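Reading the structure
Each chain is listed here by its residues.
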Amino acid sequence: MKKVFVSLLLFLLISLSISIFLVEWEYDFVTMEGRMYQVTEERLPEIDIEASIGQVTAIANQTDNYQENISNRYPIGTTYYKISRVPVEDAISIKDNGSYLKAIYQKSVFFYWKNLFPYVIPIIFLGVLIVLYRFRVNIKKAYLNSLS
């Protein structure tokens, strides 16, 4: 049973990583805080641009796990900006050659640690409970054996 579970888990991880890889190279993208944005050709007027919210810190390649602030086209240092009246979760702006281009949210980056956090905490909690229960059972057995 354990081998079946491990095999299914590996299959799931491999299939997810392959699908992420195939989608990401279809368009120019940037990532920020676990979200992937597709950069469009839509130019925004400077009046719609608010504060800087980040920048590209690494160039994506086929071996990356696409964590924070990566792009497959834009160089390191390309700045991200908030668009006025648009939540960062929906779209951001990228400064490219003096123009502000709109980047639209596409999906969450699966392997970003903040995206995995809600799933990991319950698993760790359950694991600790199981270990504590087994520890308690073993102590109880040892105590009962010492009495006899």
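Computed from a predicted model, the values in this text were never measured in an experiment.

**Quick notes on the overall build of the protein chain**
Regarding its fold elements, the protein chain presents two helices and eight strands. Ordered by position from the N terminus, the helices and strands of the protein chain form the series α-β-β-β-β-β-β-β-β-α. Burial statistics for the protein chain: of 148 residues in total, 30% are counted as buried. Relative to all contacts within the protein chain whose residues are 6 or more apart in sequence, the contacts with residues 24 or more apart total 62%. Roughly 10,200 Å² of accessible area belongs to the protein chain as shown, and the carbon and sulfur atoms make up 64% of that amount.

**Regarding the pattern of salt bridges**
Taken as a whole, this structure holds four salt bridges when the rule is applied. The shortest N-O distance in the salt bridge between Asp48 and Arg85 comes to 3.8 Å. With a gap of 37 residues between them, Asp48 in the loop between strand 2 (35-44) and strand 3 (49-55) and Arg85 in the loop between strand 6 (79-83) and strand 7 (91-96) connect regions that are remote in the sequence. Here the salt bridges share partners, and the residues they tie into one network are Asp28, Arg73 and Asp96.

**Thoughts on the confidence of the model for the protein chain**
Here the protein chain shows a mean pLDDT of 79. Residues at 70 or above account for 72%. When mean pLDDT is compared element by element in the protein chain, strand 6 scores highest at 94, while helix 1 (residues 2-24) scores lowest at 54.

The rules we used
- Once a new chain begins, its residue numbering starts again from 1 and follows that chain's sequence as written.
- Note on the predicted model: pLDDT of at least 70 is required for a residue's local features to be given, and 80 or more for side-chain atom pairs to be given and counted; whole-chain, interface and lining totals, by contrast, use all residues.
- Computation of side-chain values: all heavy atoms of the structure, hydrogens and water removed.
- The secondary structure listing takes helices from DSSP runs of H or I that are at least 4 residues long and strands from runs of E that are at least 2 residues long, numbered from the N terminus.
- The buried label applies to any residue whose accessible area, calculated with a 1.4 Å probe on protein chains only, is under 20% of its type's maximum; exposed applies above 50%, and partly exposed to all values in between.
- Contacts between residues were defined by any pair of non-hydrogen atoms, one from each residue, lying within 4.5 Å.
- Residue burial considers only the protein chains on display, and all accessible areas are found by Shrake-Rupley using a 1.4 Å probe.
- Salt bridges are counted wherever a side-chain nitrogen of Lys or Arg sits within 4 Å of a carboxyl oxygen of Asp or Glu.
- What pLDDT expresses is the predictor's confidence in each residue, scored from 0 to 100.

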